[in-house]
Amino acid sequence: KYREINGKLGKSNGVLGAEKINGKVVLIPDYIISSGGTQVSGIKAARNHGAIKVITYGTHPLLTKGNEELTREADLVLFGDTVKQKEHPKTKVVSFIPLIGEAIYRINGGDSTSRLFDA
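The model shown is predicted, which means the values in this text are computed figures rather than measured ones. (Residues numbered from 1 in each chain as written. Predicted model: local features only at pLDDT ≥ 70, side-chain atom pairs only at ≥ 80, totals over all residues. Heavy atoms only, no water.)

**Let's talk about the overall build of the protein**
Move 1: Broken down by element type, the protein carries three helices and four strands.
Move 2: The order of helices and strands in the protein, counted from the N terminus, is β-α-β-α-β-β-α.
Move 3: Classification of the 119 residues of the protein by burial places 29% in the buried group.
Move 4: Long-range pairs, those at least 24 residues apart, make up 45% of the contacts in the protein with a sequence separation of at least 6.
Move 5: About 8300 Å² of surface is accessible on the protein, with carbon and sulfur atoms providing 54% of the total. (Helix = DSSP H or I, 4+ residues; strand = E, 2+ residues; numbered from the N terminus. Buried < 20%, exposed > 50% of the residue type's maximum accessible area, 1.4 Å probe, protein only. Contact = heavy atoms within 4.5 Å. Areas by Shrake-Rupley, 256 points an atom, 1.4 Å probe, with all protein chains shown as cover.)

What follows is the structure in structure tokens.
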């Protein structure tokens, strides 16, 4: 997807790896979910290509239009805890508190923070 104007849903160049989606669970990550339009478009495209389950994730869920359409279309919606959200059976909040706390601890102790991201 690309945007010609900030804040307006852009045009899509198709589904990356569409031939590999059929019969799979698809995760659609995003940094900021403003209206949810990008995720809803991605969910519909993944389903059109045969995805059996679609999960979406947004670090910062602004949800300026609410989460009704997003939760209706997705199987599960994961949010970071940076913006408080209403509870919904199809949403789950992922807390950043342990990660941030550990980063502060490591910085104060002179330890590596990059190791936090080693899998």
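After that view, the rundown keeps rolling.
**Details of the pairing of strand β2 (residues 53-61)**
Move 1: Burial runs high along β2: seven of the nine residues are buried.
Move 2: The pairing of strand β1 (residues 25-33) with β2 spans eight bridges and is classified as parallel. The partner of proline 29 across the bridge, within β2, is tyrosine 57.
Move 3: For the crossover that starts at β1, traverses helix α1 (residues 37-48) and ends in the parallel β2, the hand is right-handed.
Move 4: By the bridge criterion, four bridges tie β2 to strand β3 (residues 76-80) in an arrangement that is parallel. Residue pairing for β3: tyrosine 57 is matched across the bridge by leucine 78.
Move 5: The parallel pair β2 and β3, bridged by helix α2 (residues 68-73), forms a crossover whose chirality is right-handed. (Pairing = 2+ DSSP bridges. Right-handed = clockwise from strand over helix to strand, strands pointing away.)

**A look at a nonpolar patch on the surface**
Move 1: The grouping of Tyr31, Ile32 and Leu62 at the surface amounts to a nonpolar patch, some 310 Å² of accessible area in total.
Move 2: The residue isoleucine 32 is located in strand β1 in this model.
Move 3: Looking at isoleucine 32, the relative accessible area reads 39%, which means it is partly exposed. (Patch = residues over 30% accessible without salt bridge, like charges linked within 9 Å, V, L, I, M, F, W, Y side chains within 5 Å. Salt bridge = Lys/Arg side-chain N within 4 Å of Asp/Glu carboxyl O.)

**Quick notes on the pattern of salt bridges**
Close approach of charged atoms allows side chains with opposite charge to pair.
Move 1: Counted under the stated rule, the structure contains three salt bridges.
Move 2: For glutamate 102, the salt bridge goes to arginine 106, with nearest N and O atoms at 2.9 Å. Here glutamate 102 and its partner arginine 106 are both found in helix α3 (residues 97-109), four residues apart, which amounts to about one turn of the helix.

**Points about α1**
An α-helical turn contains 3.6 residues, so any two residues separated by three or four positions project in the same direction.
Move 1: Here α1 spans 16 Å end to end across 12 residues, near enough to the 16 Å set by a 1.5 Å rise per residue.
Move 2: Those residues of α1 that fall on the buried side of the exposure criterion are Gly37, Gln39, Val40, Ile43, Ala45 and Ala46.
Move 3: Residues of α1 that are buried sit in contact with β1, β2 and α2.
Move 4: Of the residues flanking the end of α1, it is glycine 50, one or two places downstream, whose phi is positive at about 95°. (Expected span 1.5 Å × (residues − 1).)

**Looking at the environment of tyrosine 31**
Move 1: Tracing the chain through its elements places tyrosine 31 in strand β1.
Move 2: Those residues within four positions of tyrosine 31 in sequence are excluded, and the remaining contacts are Gly58, Thr59 and His60.

**What about the environment of isoleucine 21?**
Move 1: Among the secondary structure elements, isoleucine 21 is positioned in the segment before β1.
Move 2: Assessed through its relative accessible area of 8%, isoleucine 21 is described here as buried.
Move 3: Along the sequence, isoleucine 21 and alanine 51 sit 30 residues apart, while their C-alpha atoms lie 5.5 Å from each other.

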